[in-house]
Amino acid sequence: MEKPKVATASLAGCFGCHMSVLDIDERILKLVELIRFDKSPINDIKEFTGRCLVGLIEGGCCNDENVHVLRNFREHCDILISLGDCAVNGGVPAMRNGIPLRECLEEAYLNGPTVYNPKKIIPNDKEIPLCLDKVYPCHHVVKIDYFLPGCPPSADTIWETLVALLNNKPLDLPYELIKYD
Amino acid sequence: MGQTIKFTIDGTEVNGRPGQTIMEAADEAGVYIPRLCYLKELTPHGSCRVCTVIVNGRPQTACTQPIADGMTVENNTPELLEHRKNLVDMLFVEGNHFCMFCEKSGNCELQAMAYRLGILAPKYPFMFPTCEVDASHPDIFIDRNRCILCGRCVQASKDLDGKHVFDFVGRGVHKKIAVDAEAKLVDTDADVRDKAAEVCPVGAILKKHIGFSVPIGKRLYDQKPIGSEIEEKKMTKVKS
């Protein structure tokens, strides 16, 4: 039987959650016996090769490209997991949610104390993903099946979750593995 | 005054004294009833509703309801657990609770309650309200993003410090904590030694200069759920 596939993506995140995936240490050898990584920054596969059992999403949605990738994951994955606080609640990027988008862009490109921008251009090329008005948690955009909070979720949390899902067991995390920081 | 009042919590007999509330008698008996706004030193006012229990078939806040002989109290039922989860969920989405950069993380009662209830993510959509931060005072700051409107600081300032630094203004979703000054906290008589500066269950009112002083793993709720200290009382009682 073909091994089930796991895909991962980092949206508006810092890649810390992906680092935490790698932090399962030598258990990654066991993991690759159990699964095959599909589209993921870990192996640099850019497109889905087929249907995946699990999709791990790090980060929320801060631009239209994030939304596109997230919807693509929802289409290709049986189980979609919000991995980490940014996917769950927007996290650090969502700090901008209380500030109007224009003000954010002006601070970043015009008014910030270290900005050098003599032409006063706020990048607006159509090749650049368009910023959303706010940063949205993943479940505000598509249906999410499981949530793993944490900044990042610990390697043990990720490991326990994947093992439970791959063995068709219910996900029942112990107290020490549910943390929001 | 040696009179004992006998009642049950989830079928277990509990002995209390006249004048006690359900919460006080339960705490003494080693039965933890989840709570957020209640603090032993303050007059209970039942505002957070997390301590809601079913008393003789009716919902009551355990922190305000006096005990009576023969009363039956339900505390740990699936329905009440769901009710508490809903309340905590709502508190999380109504504010901006970003634990990853909050100094209170690990020692926060709201976070600890969510851990205890096993909440992985709130079920309601986030509101991302815009809230003011007041960092004007040299030793204390107010971050209203994290405020759950429990009223502890209001009461502590009035009843324990003999001041009136904090109070509520506005109603409904506009309700927020305000300071007794034209503008900022620095213009009040707030002092870092005030009880009001240390009763906040979340990271809304914090003392400056001491953030992140306790390492991860050694903070209040890193290893044991909130309420363990009360439940452990019961265990030692049983042992002795």
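See above for the structure.
Below is a short write-up of the structure. (Residues numbered from 1 in each chain as written. Chains lettered and ligands numbered in written order. Predicted model: local features only at pLDDT ≥ 70, side-chain atom pairs only at ≥ 80, totals over all residues.)

**Some thoughts on the overall build of chain B**
Applicable threshold: Counting from the N terminus, the helices are DSSP H or I runs at least four residues long and the strands are E runs at least two residues long. Atoms counted for the radius of gyration: C-alpha only. Globule rule: 2.2 Å times residue count to the power 0.38. For the exposure call, what matters is how many other C-beta atoms sit within 10 Å of a residue's own: 20 or more marks it buried, 12 or fewer exposed, and in between partly exposed, using C-beta atoms placed from the backbone.
A tally of regular secondary structure across chain B gives five helices and ten strands. Its C-alpha atoms give chain B a radius of gyration of 19 Å, near enough to 18 Å, the size a compact globule of 240 residues would have. For the C-alpha atoms alone, the extent of chain B along its principal axes is close to 50 × 40 × 35 Å. Relative to its 240 residues, chain B shows a buried fraction of 40%.

**What about the overall build of chain A?**
Counting its secondary structure elements, chain A contains six helices and seven strands. The order of α-helices and β-strands along chain A, N terminus first, is β-α-α-β-β-β-α-β-α-α-β-β-α. Projected onto its principal axes, the C-alpha positions of chain A cover 60 × 35 × 30 Å.

**Details of the nonpolar core**
Residues and elements named next belong to chain B. As a reminder of what qualifies: Connectivity within a nonpolar core runs through C-beta atoms within 7 Å, and the core itself is a set of buried Ala, Val, Leu, Ile, Met, Phe, Trp, Tyr and Cys residues. Just so you know, the domain bounds were taken from an automatic or database domain assignment.
In this structure, Ala 26, Leu 110, Met 113 and Cys 153 are the most contacted members of the largest nonpolar core, which totals 59 residues. Every element with two or more residues in this core is listed here: β1 (5-9), α1 (22-29), α2 (78-94), α3 (109-116), β7 (140-143), α4 (152-160) and β9 (176-179). Looking at this core, the element that brings in the most residues is α3, giving five residues. When residues of this core are sorted by domain, at least three fall in each of domain 1 (5-76) and domain 2 (84-207).

**A word on the environment of Ala 196 of chain B**
As a reminder of what qualifies: Note on contacts: residues are paired as contacts if their backbone-placed C-beta atoms lie within 7 Å.
Its place among the elements puts Ala 196 of chain B in the loop between β9 and β10 (205-207). If we ignore the near neighbours within four places in the chain, the residues touching Ala 196 of chain B are Cys 153, Ala 156, Ser 157, Asp 161, Val 165 and Phe 166 of chain B.

**Quick notes on α2 of chain B**
Residues and elements named next belong to chain B. The line we're drawing: Multiplying 1.5 Å by the residue count of a helix minus one yields the expected span of that helix. Directions pointing from the helix axis toward each C-beta atom define the arc.
The terminal C-alpha atoms of α2 lie 24 Å apart, and with 17 residues this matches the ideal 24 Å at 1.5 Å per residue to within 8%. Among all positions in α2, only Leu 80, Arg 84, Val 88, Leu 91 and Phe 92 are buried. Seen end-on, α2 carries its buried residues on one side only, within an arc spanning 115°. Exposed positions of α2 whose direction lies more than 90 degrees from the buried face are Pro 78, Glu 79 and Glu 82. Contacts made by the buried residues of α2 are with β3 (52-55), β5 (72-74) and α3.

**Quick notes on the interface of chain B and chain A**
In many analyses, interface size is given as the accessible surface area lost on bringing the parts together. Rule in force here: Amino acids outside the nonpolar list (Ala, Val, Leu, Ile, Met, Phe, Trp, Tyr, Cys, Pro) and the charged list (Asp, Glu, Lys, Arg) are all regarded as polar, and Gly is one of them.
Each partner contributes residues to the interface: chain B has 17 residues there, and chain A has 22 residues. Split into classes, the residues belonging to the side of chain B that touches chain A amount to eleven nonpolar, six polar and no charged.

**So, the sheet that holds strand β4 (residues 58-61) of chain B**
In a beta sheet, neighbouring strands pair by backbone hydrogen bonds and run either parallel or antiparallel. Residue and element names in this part refer to chain B. Note the cut-off: Any two strands are treated as partners once DSSP identifies two or more bridges connecting them. Helix axes are fitted only over the stretch in contact, all axes being lines through C-alpha atoms; the angle between N-to-C directions runs from 0 to 180 degrees.
Read across the open sheet, the five strands follow the order β2-β1-β5-β3-β4; overall the sheet is mixed. Every interior strand has two partners, whereas the edge strands, β2 (12-16) and β4, have only one. Sheet twist, expressed as the average angle between the axes of neighbouring strands with direction ignored, equals 35°. By the bridge criterion, five bridges tie β1 to β2 in an arrangement that is antiparallel. Paired with Ile 9 across the strands is Thr 12, a residue of β2. Sitting on the sheet, α1 touches β1, β2, β3 and β5, and the angle it makes with β2 is about 110°.

**A few points about the sheet that holds β10 of chain B**
Residue and element names in this part refer to chain B. Spatial strand order, β6-β7-β10: three strands in an open sheet with antiparallel pairing. Each having just a single partner strand, β6 (133-134) and β10 make up the two edges of the open sheet. Note that β6 and β7 share two bridges and pair antiparallel. Bridge assignment links Asp 134 to a residue of β7, and that residue is Ile 142.

**Some thoughts on the packing of α2 of chain B against α3 of chain B**
Residues and elements named next belong to chain B. Heads up, the condition is: Reported orientations rely on four angle classes, namely roughly parallel under 35 degrees, roughly antiparallel over 145, roughly perpendicular from 65 to 115, and oblique for the rest. By definition, turning the near helix anticlockwise from the far helix through less than a right angle yields a left-handed crossing, and turning it clockwise yields a right-handed one.
Interhelical geometry of α2 versus α3 gives an angle of 135° and a closest axis separation of 10 Å. Taken together, the axes of α2 and α3 are oblique relative to one another. When you trace α2 past α3, the crossing you get is left-handed. Judged by residue contacts, Val 88, Leu 91 and Phe 92 of α2 engage Leu 110, Met 113 and Ala 114 from α3.

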